[in-house]
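As a plain string of letters, each chain reads:
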Amino acid sequence: MSERSERTVRRSDETPEHPDFLWRDPEPRRHYDVVIVGAGGHGLATAYYLAKNHGITDVAVLERGWLAGGNMARNTTIIRSNYLWDESAAIYEHALKLWEGLEDDLGYPIRFSQRGVLNLAHNLGDVREGRRRVNANRLNGVDAEWLTPDEVKKVCPILNTSPDVRYPVLGATFQPRAGIAKHDYVAWGFARGAYQRGVDLIQNCEVHGFRRDGERVVGVETSRGFIGAGAVALSAAGHTSVLAEQLGFRLPLQSHPLQALVSELLEQVLDTVVMSNSVHVYVSQAHKGELVLGAGIDAYNGYGQRGSFHVIEQQMAAAVELFPIFSRAHVLRTWGGIVDVSPDASPIIGRAPVDGVYVNCGWGTGGFKATPGVGWVYADTIAHGRPHPLAEPFALERFVTGALIDEHGAAAVAH
Amino acid sequence: MLRIDCPWCGPRDETEFRYGGQADVFYPEDPSSLDDAAWAEYVFVRGNPKGWFAERWVHVAGCRRWFNTERHTVTYEFREAAP
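Residues numbered from 1 in each chain as written. Chains lettered and ligands numbered in written order. Predicted model: local features only at pLDDT ≥ 70, side-chain atom pairs only at ≥ 80, totals over all residues. Heavy atoms only, no water.

1. Remarks on the overall build of chain B
What chain B contains, in helices and strands, is one helix and six strands. Order of helices (α) and strands (β) in chain B, N terminus to C terminus: β-β-β-α-β-β-β. Taken over C-alpha atoms, the radius of gyration comes to 15 Å for chain B, far larger than the 12 Å a tight globule of 83 residues would show. By its C-alpha atoms, chain B is 45 × 30 × 25 Å across when sized along the principal axes. In chain B, 46% of the contacts between residues at least 6 apart in sequence involve partners at least 24 apart. With the model as given, the accessible surface of chain B reaches about 5100 Å², and the carbon-plus-sulfur share is 48%. With 10 positive and 14 negative side-chain charges, chain B shows a spacing of 9 Å between the two charge centroids. (Helix = DSSP H or I, 4+ residues; strand = E, 2+ residues; numbered from the N terminus. Rg over C-alpha atoms; globule rule 2.2 N^0.38 Å. Contact = heavy atoms within 4.5 Å. Areas by Shrake-Rupley, 256 points an atom, 1.4 Å probe, with all protein chains shown as cover. Lys, Arg positive; Asp, Glu negative; His and termini not counted. Charge placed at Lys NZ, Arg CZ, Asp CG, Glu CD.)

The following block contains the structure:
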């Protein structure tokens, strides 16, 4: 175990120096108690909490490509918990509380910056939704304020709050504890923590199929051979439907491209996160200085990790109207990820229709913020073979019972 | 941006169209015989293949007519829908 011993990584606001390695690249063993499919943020966090909270360390995390190279490398890193419905507020607030102590817990810098998030209202419907959500948030112990346009201007002076624009700012909800984190450091922190506790992180290992014994799954067929498993936990975001098909069941998911972009490095001009549902853009400024802008999903189904340019164009038009100062910035890079969207815009967490299989999917456009929270409840669900109380409302069965958690348009999400 | 071949108007930009999701999803023939699970399947579950997908589009900014086509969900390439 000496290889897995604690390494010293400088903890400060500075970027850590690149260590030799944070985890080893092992050959897969023939069998694990738990095989997690997908080494993104959720898969890594799940492995970490399986080991840390439940002492389950005979765990492999299988990754088709490289560690945290999918949506974990492509998201816009926004972290918040100001969701409308009780079930959502509970799981996202659980995540936010974990984020607040995560740097100490992982012993690794993740650059979590609680700079607040503004969700702008541009019409009467937005105003009513925002005020209602502030009240709902407060009842759930989530910090939330309603700001008038003048108060919005004080929080974010570069925002155009004049009344003569096409979509004037009529107010905003503000969650001061929201913020951003450095997504790759988050992945590396969880990976290192899981590795130190004995978890095998196996990259370049694509799952082609599953082996069953009767109703129960007994392992996975991979590009690196068969790997036996006591339990299989899917954590593959946009590719979950593909894996479910191999297992013989269908999920209420549609995979869509979701695009984002960054500008060149600029002086710090934006010290909060600004989201606008109606004009469809969300923006923050990374520590290094890039403006990070996200769009809504492309309408069509797609696994191509790219979308259509008019979506970027629309997002930029919205950004420039809200922030006239951005009109001189240049787009450095655009990209797309594949997000799995569920019918009620809420995740699906829990047992799958095949014994020994667990699903964690349907996070759509908002999975990053949940990373530690979902890792925690998913690990608990797998460890005990029953849903964690926070995961229970998000079970697949809700589509049959009708107990949906309808966050479409309710969650301040720019879908 | 996708270039989409409207069967009536010819190839046009994606911005003239709206997406309609999976093609050939029919209302149950005998609705009263469906249990909750079957309704859930009809209402919420659609194909989500990685590969060729039979889907619908509507030419909203053109002839406003619906049509079926097939598109590859990785390459985004179109081919004529199987009859």
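2. With respect to helix H5 (residues 183–196) of chain A
Residue and element names in this part refer to chain A. Under the 1.5 Å per step criterion, the end-to-end length of H5 is 20 Å for 14 residues, consistent within 8% with the ideal 20 Å. The buried fraction of H5 amounts to twelve of the 14 residues, a majority that puts the element mostly inside the structure. Of the residues one or two after H5, Gly198 is the one with positive phi, at around 110°. (Expected span 1.5 Å × (residues − 1). Buried < 20%, exposed > 50% of the residue type's maximum accessible area, 1.4 Å probe, protein only.)

3. Thoughts on the sheet that holds strand S16 (residues 331–341) of chain A
Residues and elements named next belong to chain A. In space, the eight strands of this open sheet follow the order S5-S6-S4-S13-S14-S15-S12-S16, with mixed pairing throughout. Sheet topology places strand S5 (145–147) and S16 at the edges, where each strand pairs with a single neighbour. Taking the axes of each pair of neighbouring strands and ignoring which way they run, one obtains an average angle of 20° across the sheet. Lying over the sheet, helix H3 (residues 124–139) contacts strand S4 (117–121), S5 and strand S6 (171–175), oriented at roughly 155° with respect to S5. (Pairing = 2+ DSSP bridges. Axes fitted to C-alpha atoms, helices over the stretch in contact; angles between N-to-C directions.)

4. So, the packing of helix H2 (residues 86–106) of chain A against helix H8 (residues 371–384) of chain A
All names here are of chain A. Between H2 and H8, the shortest axis-to-axis distance is 7 Å and the interhelical angle comes to 110°. When the interaxial angle is binned, H2 and H8 end up roughly perpendicular. For the pair H2 and H8, the contacting residues are Ile91, His94, Ala95, Leu98, Trp99 and Leu102 in the first and Thr371, Pro372, Gly373, Trp376 and Val377 in the second. Along the lines of polarity and charge, the residues of the contact of H2 with H8 split into eight nonpolar, three polar and no charged. (Parallel < 35°, antiparallel > 145°, perpendicular 65-115°, else oblique. Nonpolar A, V, L, I, M, F, W, Y, C, P; charged D, E, K, R; others polar.)

5. So, the interface of chain A and chain B
With 26 residues of chain A at the interface, the matching set in chain B holds 23 residues. Approximately 2100 Å² of surface area, both sides summed, lies buried where chain A meets chain B, with 55% of it carried by carbon and sulfur atoms. The largest per-residue losses of area from chain A upon contact with chain B belong to Arg250, Tyr300 and Tyr303 of chain A, which jointly make up 29% of the total buried on that side. Between chain A and chain B we count one salt bridge in total. Broken down by secondary-structure element, the contributors of at least two residues to the side of chain A that touches chain B are helix H6 (240–247), strand S12 (254–265), helix H7 (309–322) and helix H9 (398–401) of chain A. Ranked by the residues each element gives to the side of chain A that touches chain B, the list is headed by S12 of chain A, at three residues. Of the residues in the side of chain A that touches chain B, the class split is 13 nonpolar, ten polar and three charged. (Buried area = accessible area lost by both parts, 1.4 Å probe. Salt bridge = Lys/Arg side-chain N within 4 Å of Asp/Glu carboxyl O.)

6. Describing the pairing of strand S1 (residues 31–37) of chain A
All names here are of chain A. When you tally the buried positions in S1, you get five out of seven residues, the bulk of the element. For S1 and strand S11 (residues 225–234), the ladder comprises six bridges, and the chain directions are parallel. Looking at S11, one finds that Val37 is bridged to Leu234. Sheet topology note: the S1/strand S2 (residues 59–62) ladder contains four bridges and is parallel. When the sheet's bridge partners are listed, Val37 is paired in S2 with Leu62. Taken together, S1, helix H1 (residues 41–54) and S2 form a β-α-β motif whose crossover is right-handed. (Right-handed = clockwise from strand over helix to strand, strands pointing away.)

7. A few points about unusual backbone geometry
Residue and element names in this part refer to chain A. One non-glycine residue, Ala68, lies in the positive phi region at around 55°. Within the secondary structure, Ala68 is located in the loop between S2 and strand S3 (78–79). Even without being a glycine, Gln305 presents a positive backbone phi close to 55°. Examined against the element boundaries, Gln305 turns out to sit in the loop between strand S15 (290–297) and H7.

8. As for the domain arrangement of chain A
All names here are of chain A. When the domains of chain A are assigned, the result is domain 1 (23–74 + 183–252 + 344–401) and domain 2 (114–177 + 254–340). On a C-alpha basis, the centres of domain 1 and domain 2 stand 30 Å from each other. Interface of domain 1 and domain 2: buried area, both sides summed, is about 1000 Å²; carbon and sulfur atoms make up 47% of it. When the buried area of domain 1 at its contact with domain 2 is split by residue, Arg74, Gly238 and Thr365 rank highest and sum to 49% of it. In this assembly, domain 1 and domain 2 are joined by zero salt bridges. For the interface between domain 1 and domain 2, the tally reads seven residue pairs in polar contact (both at pLDDT 80 or more). Tallying contributions element by element places H6 first for the side of domain 1 that touches domain 2, with three residues. Tallied by class, the residues present in the side of domain 1 that touches domain 2 amount to five nonpolar, eight polar and one charged. (Domains from an automatic or database assignment. Polar contact = N/O pair within 3.5 Å; in protein donor to acceptor, adjacent residues only side chain to side chain.)

9. Quick word on the side chain of His94 of chain A
Structurally, His94 of chain A can be placed in helix H2. Discounting chain neighbours no more than four positions away, the residues touching His94 of chain A are Ala89, Gly373, Trp376, Val377 and Leu390 of chain A.

10. Comments concerning the packing of H1 of chain A against H8 of chain A
Residues and elements named next belong to chain A. The N-to-C vectors of H1 and H8 enclose an angle of 55°; their axes lie 7 Å apart at closest approach. The angle between H1 and H8 places the two elements in the oblique class. The two elements H1 and H8 meet at a crossing, and its hand is right-handed. Listed contacts from H8 to Gly41, His42, Ala45, Thr46, Tyr49, Leu50, Asn53 and His54 of H1 are Thr371, Pro372, Val374, Gly375, Trp376, Tyr378, Ala379, Asp380, Ile382, Ala383 and His384. Looking at the contact of H1 with H8, its residues break down into ten nonpolar, eight polar and one charged. (Left-handed = near helix turned anticlockwise from the far one by under 90°.)

11. Focus on H8 of chain A
All names here are of chain A. Counted at 1.5 Å a residue, the expected span for H8 with its 14 residues is 20 Å, and the 20 Å between its end C-alpha atoms agrees. In terms of burial, H8 is a largely internal element, eleven of the 14 residues being buried. Considered for burial, the residues of H8 that qualify are Thr371, Pro372, Gly373, Val374, Gly375, Val377, Tyr378, Ala379, Asp380, Thr381 and Ile382. Just beyond H8, the residue with positive phi is Gly385, at close to 65°.

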